[in-house]
Amino acid sequence: MSHLPTFAPWALGHFDLKAPLDRYGAIILREMVPKEVAQQAYLQARIAFADPGAYIARPEAHPQARSGYTPPNVEGKMGQGPNPHRHFFDYRPGRRSLAPGKDVLVPLHRALCRVAKIALREIDHVARRRFSSMMDYPRATLRAAECLNDFVDPGFELFPSHRDFSFLTLFVGGAQSGLQVEQVVRGEKKWIDVTLPFGDVLIGIGTIYHQYFPQAVPLQHRIVASSPYRLSFFSVIDPRKHVLLPNGELASQFFARVMAQVRYKR
Ligand SMILES: [Fe+2]
């Protein structure tokens with residue numbers, strides 16, 4: 001059971017989204033993505049991961065872009081070496097597709113852009129800022145990540161505790177259990193299991209948000225092996241490359257710096 005605040009769609013616009021987001025580092029928005037859209041995306045991603053010929057091993061079918069696929073043992077948590085337990089691909093509409101000629105993830109990407117727009121509008125309204133125009137959400141990366149464990153051990157970290165280098169991260173409901181978020185419960189830090197149904201979206205704040213709002217603590221999260229197979233989708237909402245961040249770096253410099261710290265092979 002999650003301890004995170006949950007908003008139903010009808011509540012948006014009536015309640016301040018930013019206060020709970022700052023306090024918990026995350027909130028859950030219910031029924032934000034049509035269930036069939038999320039289900040279809042998970043199905044297609046599962047097929048693509050199971051059939052390397054469909055997408056992953058055929059970058060030649062996509063001459064304009066890198067495949068977007070990152071195998072295991074390439075990226076990992078900063079300072080902890082490459083992660084052998086998962087692989088992923090990054091989808092961008094019009095630039096990368098799941099299978100050549102098919103843009104099956106467009107509806108999910110579109111739905112997540114709508115969610116990002118709503119969240120940014122609420123944050124702008126409360127904070128009197130203009131994040132909506134600084135963020136690159138129409139071209140946000142949608143990542144499908146698959147864990148490669150074939151065992152169940154909730155004490156085993158498939159992806160260690162970390163904070164995202166994003167403004168916001170949208171975790172898409174429908175993934176198997178395994179996501180845990182750190183929350184303070186009765187004065188103590190605890191890992192809370194979060195399993196979201198199809199349609200729901202968890203919005204977590206990243207380290208860029210923290211730069212703008214230092215009182216807000218970025219969402220500490222990890223993936224544990226509580227299911228023998230886990231496929232997840234999440235989308236990162238980041239500033240456009242030319243945006244000057246509060247720490248004095250351009251967003252492009254920030255991303256180049258942090259990526260160099262988590263990417264172990266090129
Ligand atoms: Fe993350």
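You'll find the structure just up there.
Below or above, wherever it landed, is the structure these notes cover. (Residues numbered from 1 in each chain as written. Predicted model: local features only at pLDDT ≥ 70, side-chain atom pairs only at ≥ 80, totals over all residues. Heavy atoms only, no water.)

**Topic: unusual backbone geometry**
Right, so step 1: A positive phi angle, near 50 degrees, is found at Glu31, a position not held by glycine.
Right, so step 2: Mapped onto the fold, Glu31 is located in the loop between strand 2 (26-29) and helix 2 (35-50).
Right, so step 3: At Arg186, a residue that is not glycine, the phi angle is positive and equals roughly 50 degrees.
Right, so step 4: Mapping Arg186 onto the fold places it in the loop between strand 8 (179-185) and strand 9 (188-193). (Helix = DSSP H or I, 4+ residues; strand = E, 2+ residues; numbered from the N terminus.)

**Considerations on the packing of aromatic side chains**
Right, so step 1: If you walk through the whole model with that rule in mind, you get 13 aromatic pairs.
Right, so step 2: Measuring from centroid to centroid gives 5.0 Å for Tyr42 and Phe233, while their planes differ by 85 degrees, and the two rings are edge-to-face. A residue pair is termed long-range when its members are at least 10 positions apart, and Tyr42 in helix 2 and Phe233 in strand 12 (residues 230-237) qualify at 191 residues. Phe233 matches Tyr42 in its accessibility class, with the two residues each being buried.
Right, so step 3: When the centroid spacing of 5.0 Å and the interplanar angle of 40 degrees are considered together, the rings of Phe49 and Phe89 count as tilted. Of this pair, Phe49 sits in helix 2 while Phe89 sits in strand 4 (residues 86-91), and the two are 40 residues apart along the sequence. Taken as a pair, Phe49 and Phe89 share a single burial class, namely buried.
Right, so step 4: Sitting above the plane of the Phe213 ring, Lys18 keeps its charged end 3.8 Å from the centroid.
Right, so step 5: Sitting over the ring of Tyr229, Arg46 keeps its end group 4.0 Å from the ring centre. (Phe/Tyr/Trp six-rings, centres within 6.5 Å; stacked < 30°, edge-to-face > 60°. Buried < 20%, exposed > 50% of the residue type's maximum accessible area, 1.4 Å probe, protein only. Lys NZ or Arg CZ within 6 Å of the ring centre and 35° of its normal.)

**Brief notes about the pairing of strand 2**
Right, so step 1: Burial along strand 2 is two-sided: Ala26 and Ile28 and Ile27 and Leu29, pointing in opposite directions, are all buried.
Right, so step 2: The pairing of strand 2 with strand 10 (residues 201-205) spans four bridges and is antiparallel. By the bridge assignment, Ala26 is partnered in strand 10 with Gly204. (Pairing = 2+ DSSP bridges.)

**Points about the environment of Gly174**
Right, so step 1: On the secondary structure map, Gly174 appears in the loop between strand 7 (168-172) and strand 8.
Right, so step 2: Sequence separation between Gly174 and Tyr42 is 132 residues; the distance between their C-alpha atoms is 7.6 Å.

**Observations regarding the sheet that holds strand 1 (residues 6-7)**
Right, so step 1: Ordered by their spatial adjacency, eight strands build an open sheet running 1-2-10-7-12-5-4-3, and the pairing between neighbours is mixed. Each end of this open sheet is capped by a strand with a single partner; those strands are strand 1 and strand 3 (69-70).
Right, so step 2: As paired elements, strand 3 and strand 4 share two bridges and run antiparallel to each other. In the strand pairing of strand 4, Tyr69 is matched with Phe89.
Right, so step 3: Helix 2 contacts strand 3, strand 4, strand 5 (141-147), strand 7 and strand 12 of the sheet and is inclined by roughly 115 degrees relative to strand 12.
Right, so step 4: Contacting strand 2, strand 4, strand 5, strand 7, strand 10 and strand 12, helix 3 (residues 106-127) crosses the sheet at an angle of about 135 degrees to strand 7. (Contact = heavy atoms within 4.5 Å. Axes fitted to C-alpha atoms, helices over the stretch in contact; angles between N-to-C directions.)

By themselves, these are just geometric observations and shouldn't be taken as functional.
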